[in-house]
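A look at the structure
What follows is the residue order along each chain.
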Amino acid sequence: MISDMDLGTYMRPETGGNLLIGGTEPECDPLEWIEDPDAANPNPTVERFEAQVTRAARCFPDLAVPNRPQGVAGVYDVADDWTPIYDKTALPGFYVAIGTFSRKREVNTESSGTVLG
């Protein structure tokens, strides 16, 4: 994985020779808060897609950019310090990383304040 916090993006290889590109919540991108995560649009918007792909292309000038958005968008359940809480579920072998903030732990002041922690 490559992260460029100055550009506000991270990337990793994906199957089929593709590149998965995501944002690190830079100040220039407004955060979007939703009440119901089940109502979130799982498709990338043109605006976010173009912003993140353009940022990635600054790192890789020869990056081939599709002419329409493709990929998957997602939502995060985050804690104040963006540090996920890992736990097992009731189903054996299934685990979760969630951001529900626990009042029993201190806020990580060294956190980047992004999805990368």
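In what follows, the structure referred to is the one given above.
The paragraphs below set out a description of the structure included in this document. From a predicted model like this one, the values you see are computed outputs, not experimental measurements.

Each value, and the rule that gives it
- Residues numbered from 1 in each chain as written.
- Predicted model: local features only at pLDDT ≥ 70, side-chain atom pairs only at ≥ 80, totals over all residues.
- Heavy atoms only, no water.
- Helix = DSSP H or I, 4+ residues; strand = E, 2+ residues; numbered from the N terminus.
- Buried < 20%, exposed > 50% of the residue type's maximum accessible area, 1.4 Å probe, protein only.
- Pairing = 2+ DSSP bridges.
- Axes fitted to C-alpha atoms, helices over the stretch in contact; angles between N-to-C directions.
- Patch = residues over 30% accessible without salt bridge, like charges linked within 9 Å, V, L, I, M, F, W, Y side chains within 5 Å.
- Areas by Shrake-Rupley, 256 points an atom, 1.4 Å probe, with all protein chains shown as cover.
- Salt bridge = Lys/Arg side-chain N within 4 Å of Asp/Glu carboxyl O.
- Contact = heavy atoms within 4.5 Å.

A closer look at the environment of Val 96
Tracing the sequence through the fold places Val 96 in strand β5 (residues 95-98). Relative accessible area serves as the criterion here: at 32%, Val 96 is assigned to the partly exposed category. Distance in space between the C-alpha atoms of Val 96 and Tyr 86 is 5.7 Å, their sequence separation being 10 residues.

Points about the sheet that holds strand β2 (residues 9-14)
The strand order across the open sheet built from 3 strands is β1-β2-β3, with neighbouring strands paired in antiparallel fashion. Looking at strand neighbours, the two that pair on one side only are β1 (2-4) and β3 (18-23), the edges of this open sheet. Ignoring which end each strand starts from, the neighbouring axes of this sheet average 20° apart. In this sheet, β2 lies alongside β1 in antiparallel orientation, the contact comprising 3 bridges. Among the inter-strand pairings, Asp 4 is bridged to a residue of β2, identified as Thr 9.

Examining a nonpolar patch on the surface
Together, Ile 2, Leu 19 and Phe 60 make up an exposed nonpolar region whose accessible area comes to about 230 Å². Residue classification places Ile 2 among the partly exposed residues on the basis of a relative accessible area of 41%.

Structural notes on the environment of Phe 49
In this fold, Phe 49 is placed in helix α1 (residues 46-59). Between the alpha carbons of Phe 49 and Ala 73 there is a distance of 9.5 Å; along the sequence they are 24 residues apart. Leaving out residues up to four positions away in the same chain, Phe 49 has contacts with Pro 66, Arg 68, Pro 69 and Gln 70.

Details of the pairing of β3
Pairing of β2 with β3 involves 6 bridges; the strand directions are antiparallel. Bridged to Pro 13 within β3 is Leu 19. Between β2 and β3, which pair antiparallel and follow one another directly, the connecting turn spans 3 residues, one of which, Gly 16, has a positive phi of 75°.

As for the environment of Pro 69
Inspection of the secondary structure puts Pro 69 in the loop between α1 and β4 (85-88). Relative accessible area serves as the criterion here: at 24%, Pro 69 is assigned to the partly exposed category. On a C-alpha basis, the gap between Pro 69 and Glu 50 in space is 7.7 Å, while along the polypeptide they are 19 residues apart. Apart from residues lying up to four places away in sequence, Pro 69 is in contact with Pro 44, Thr 45, Val 46 and Phe 49.

Comments concerning unusual backbone geometry
A positive phi angle is found at Glu 25, which is not glycine, with a value near 55°. The topology assignment puts Glu 25 in the loop between β3 and α1.

Side note on the pattern of salt bridges
Per the counting criterion, the structure on display carries 3 salt bridges. With a shortest N-O distance of 2.8 Å, Arg 55 and Asp 29 are connected by a salt bridge. Taken as a pair, Arg 55 in helix α1 and Asp 29 in the loop between β3 and α1 lie far apart in primary sequence, 26 residues in all. Here Glu 32 ties to Arg 48 by a salt bridge, and the two come within 2.9 Å at their closest N and O atoms. You can see Glu 32 sitting in the loop between β3 and α1 and its partner Arg 48 sitting in helix α1, a full 16 residues away along the chain. Residue Glu 32 is classed as exposed on the basis of its relative accessible area, which comes to 62%.

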